[in-house]
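Listed here are the chains, written in short residue letters.
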Amino acid sequence: MYAVGRWTDRAFRVERLAVCTMRYASFLSDSPPVSTLGLGLWPLTGAMGSIDAEAAKSTIAAAIERGITFFDASRTAPVSEELLGQVIRGDQRHELVLATKAYPGERFESLRTTVEKSLRALRSDYIDLFQLQGWYPQMPIEQVIIDAQKLVSEGKIRHLGVCNFDASVLESALRGGPVATNALELNLLQRAAEEEDLAACARQDVAVIAHSALAKGLLSGRYRAGHTFADDDERARFSDVAKRLDDGQLDQLVAVADAAAHPLPELAIAWLISRPTVAVTLVGAKHPDQVEQNCRAVELALDGDLMAKLDGVTA
Ligand SMILES: NC(=O)c1ccc[n+]([C@@H]2O[C@H](COP(=O)([O-])OP(=O)(O)OC[C@H]3O[C@@H](n4cnc5c(N)ncnc54)[C@H](OP(=O)(O)O)[C@@H]3O)[C@@H](O)[C@H]2O)c1
């Protein structure tokens, strides 16, 4: 059972910052404590606008320095795994929880091949958490989980997770074997998972990883109605991004943040971290300064009044 009651705090002394505190829970057996704030590698792949390799590496290094232990890569963009493999030193590996994910192939061999490619890119002989991003209708999800468990038995994967599984699919998946985590899109602007999926995970003892915690950067408060993202940024092609920029909720959230004298990204992250049903809040970043600010949210306790104001905008 993952339990947020068992969080422990550790303070880190880091450059330019006196002390920052990170919070951990041990909910993955045989893995080190998992930081409540995880670093998502997606923006470091260039998918959300170009980024140079050195900036990407220093962002990962900053996260390690600030006590983040959970890193989320993806086989869809192998560079995310390669960057982790390049930055993480051998003596750091056993303190970190490396997660990656992929769409499973139709046959067991293809999932094995995928995992072996991830291992090579990560320069590791195990993956702490391998997440299935979906399944092919030709093969029942139960069977995919049964097959994937063979890789757990062999030690290539320590834990199996899934992504964006709704309550009924999760139930089917669990008939195939243990599923440690379900990564769900959840943030102040996207709360559909609250309807059923969070409760389903809690019932089944599946830890929730809340992904896209800043709504792809919209909850930075920097982008407003009419903003145009560059052509090399996937956000230029997402219709829901344009819709959210226009619908007024973001403006209201910025107003709440201004009145509370807290930056909106910190509030948005703290809002997720404070939720007992969320085990890891996964935030992407492109620069060490963003990591530094996001870590500050771990220490931010939202009072009931502020929580109600934030909830009131988008509930
Ligand atoms: N399992 C799944 O199916 C799934 C799906 C999606 C994502 N994910 C995971 O979730 C992670 C997080 O999602 P995401 O990276 O797509 O989006 P996100 O975390 O919602 O937003 C990340 C973006 O927010 C901006 N940002 C971050 N910190 C900031 C700060 N302190 N101040 C201002 N801006 C800040 C940066 O973009 P700009 O500076 O360019 O604005 C950054 O690229 C991903 O990296 C990935 O690991 C998983």
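The residue numbers shown here count from 1 along each chain, following its written sequence. Local features are withheld for residues below a pLDDT of 70 in this predicted model, meaning they are given only at 70 or higher, and side-chain atom pairs are given and counted only at 80 or more; totals for whole chains, interfaces and linings count all residues. In computing side-chain values, all of the structure's heavy atoms are included and hydrogens and water are not.

1. Comments concerning the overall build of the protein
Basically, it comes down to this: Per the convention used, a helix needs a DSSP run of H or I reaching at least four residues, while a strand needs a run of E reaching at least two, with both numbered from the N terminus. The reference for a compact globule is 2.2 Å times residues^0.38; the radius of gyration itself is calculated from the C-alpha atoms. Throughout, a contact is declared for two residues whenever any of their heavy atoms are within 4.5 Å.
Tallying secondary structure elements over the protein gives eleven helices and eleven strands in all. On C-alpha atoms alone, the protein measures out to a radius of gyration of 19 Å, which is about the 20 Å that the 2.2 N^0.38 rule sets for 315 residues. Taking the principal axes of the C-alpha coordinates as reference, the protein spans close to 55 × 45 × 40 Å. Residue pairs in contact within the protein that sit at least 24 positions apart in sequence constitute 73% of those at least 6 positions apart.

2. Considering the sheet that holds strand 8 (residues 157-163)
Put simply, the rule reads: Strand pairing is defined by DSSP finding a minimum of two bridges between the two strands. Orientation is described by lines fitted to C-alpha atoms, with helices fitted over the stretch in contact, and by angles between N-to-C directions that extend from 0 to 180 degrees.
Strands sit in the order 4-5-6-7-8-9-10-11 around a closed barrel of eight strands; the barrel is parallel. Sheet twist, expressed as the mean angle between neighbouring strand axes with direction ignored, is 30°. Two elements, strand 5 (residues 70-72) and strand 6 (residues 97-102), share three bridges in a ladder whose sense is parallel. Across the sheet, the residue bridging to phenylalanine 71 is leucine 98, located in strand 6.

3. A word on the pattern of salt bridges
As a reminder, the rule being used: Here, a salt bridge means any side-chain nitrogen of Lys or Arg that lies within 4 Å of a carboxyl oxygen of Asp or Glu.
Overall, the coordinates contain 22 salt bridges when judged by the stated rule. A salt bridge links glutamate 116 to lysine 156, with the shortest nitrogen-to-oxygen separation between them at 3.7 Å. Here glutamate 116 is found in helix 3 (residues 108-122), whereas its partner lysine 156 is found in the loop between helix 4 (141-153) and strand 8, with 40 residues between them in sequence. A salt bridge links aspartate 251 to arginine 224; the shortest N-O distance between them is 2.8 Å. In this pair, aspartate 251 is assigned in helix 8 (residues 249-260) and arginine 224 in the loop between strand 10 (207-211) and helix 7 (239-246), connecting sequence segments 27 residues apart.

4. Overview of the site of the ligand
Here is the rule: Throughout this document, a residue counts as near a molecule or strand when at least one of its heavy atoms sits within 4 Å of that molecule or strand. Identification of polar contacts relies on pairs of N or O atoms within 3.5 Å, with a donor-acceptor requirement for protein atoms, meaning one able to donate a hydrogen and the other able to accept it, and with residues adjacent in sequence counted only if both atoms are side-chain atoms. The Shrake-Rupley method, run with a 1.4 Å probe, gives the accessible areas here. Residue values count only the displayed protein chains as cover.
In the vicinity of the ligand, 30 residues are found, and the nearest of them are Asp72, Lys216, Arg222, Tyr223 and Lys286. One nitrogen or oxygen atom from the side chain of lysine 216 is found 2.6 Å from an oxygen atom belonging to the ligand. In the environment of the ligand, a nitrogen atom lies 2.8 Å from a nitrogen or oxygen atom belonging to the side chain of asparagine 294. When the ligand is considered free in solution it has 890 Å² of accessible area, and contact with the protein chains removes 93% of it. For the shell around the ligand, the secondary structure elements donating two or more residues are strand 11 (280-284) and helix 10 (288-296).

5. Things to note about unusual backbone geometry
Backbone geometry places asparagine 164, a non-glycine residue, at a positive phi of 60°. Relative to the elements of secondary structure, asparagine 164 occurs in the loop between strand 8 and helix 5 (167-174). Phi angles above zero are rare outside glycine, and aspartate 205 is one such case at about 60°. For aspartate 205, the position within the fold is in the loop between helix 6 (197-203) and strand 10.

6. Side note on the nonpolar core
Stated precisely, the cut-off is as follows: The definition of a nonpolar core used throughout is a set of buried Ala, Val, Leu, Ile, Met, Phe, Trp, Tyr and Cys residues joined through side-chain atoms within 4.5 Å. When a residue's accessible area, from a 1.4 Å probe over protein chains only, is under 20% of the maximum for its type it is buried; when over 50% it is exposed; and in between it is partly exposed.
Core analysis: the largest hydrophobic core is formed by 86 residues, its most contacted members being Ile60, Phe71 and Leu219. If you tally residues by element for this core, the top one is helix 9 (residues 264-273), at eight residues. Excluding residues within four positions of it along the chain, isoleucine 60 makes contact with Leu39, Leu41, Leu44, Phe71, Leu83, Leu84 and Val87. By size, the runner-up hydrophobic cluster in this structure holds 16 residues, among which are Ala99, Cys163, Ala180 and Val280.

7. Some details on the packing of aromatic side chains
Here is the rule: When two rings of Phe, Tyr or Trp (its six-membered ring) have centres within 6.5 Å they constitute a pair, described as stacked for plane angles under 30 degrees, edge-to-face for angles over 60, and tilted for the intermediate range. Look at NZ for Lys and CZ for Arg. If either is within 6 Å of the ring centre and within 35 degrees of the ring normal, a charge sits over the ring.
Applying the stated criterion to the full structure yields one aromatic pair. Lying across the ring of tyrosine 126, arginine 93 places its NZ or CZ 4.0 Å from the centre.

8. Regarding helix 5
Looking only at helix 5, the buried set comprises Ala167, Val169, Leu170, Ser172 and Ala173. In the core, the buried residues of helix 5 are packed alongside helix 4, strand 8, strand 9 (181-185) and helix 6.

9. Observations concerning the environment of valine 208
Residue position: valine 208 is located in strand 10. Taking the C-alpha atoms as reference points, valine 208 and glycine 226, separated by 18 residues in sequence, lie 33 Å from one another.

10. Quick notes on the side chain of glutamate 234
The residue glutamate 234 is located in the loop between strand 10 and helix 7 in this model. The contacts of glutamate 234, once residues within four sequence positions are left out, are Trp42, Ala47, Met48 and Lys216.

11. Some words on the pairing of strand 4 (residues 37-40)
Regular strands place their side chains on alternate faces of the sheet. To keep things clear, this is the line we draw: Assignment of crossover handedness uses the view with strands pointing away from the viewer, where a clockwise path from the first strand over the helix to the second indicates a right-handed crossover.
Both faces of strand 4 are covered, namely the face carrying Leu37 and Leu39 and the face carrying Gly38 and Gly40. The pairing of strand 4 with strand 11 spans four bridges and is parallel. Looking across to strand 11, one finds that leucine 39 is bridged to valine 283. In terms of strand pairing, strand 4 meets strand 5 through two bridges, oriented parallel. Bridging from a neighbouring strand, glycine 40 pairs with aspartate 72 of strand 5. For the segment spanning strand 4, helix 1 (residues 53-65) and strand 5, crossover handedness is right-handed.

12. Let's talk about the confidence of the model for the protein
Let me state the cut-off plainly: Residue-level confidence of the predictor is what pLDDT reports, using numbers from 0 through 100.
In the predicted model, the protein carries a mean pLDDT of 92, and the fraction of residues at 70 or more is 93%. For the stretch residues 1-5, pLDDT sits under 50, and the model shows twelve contacts to residues farther than four places along the chain or on other chains.

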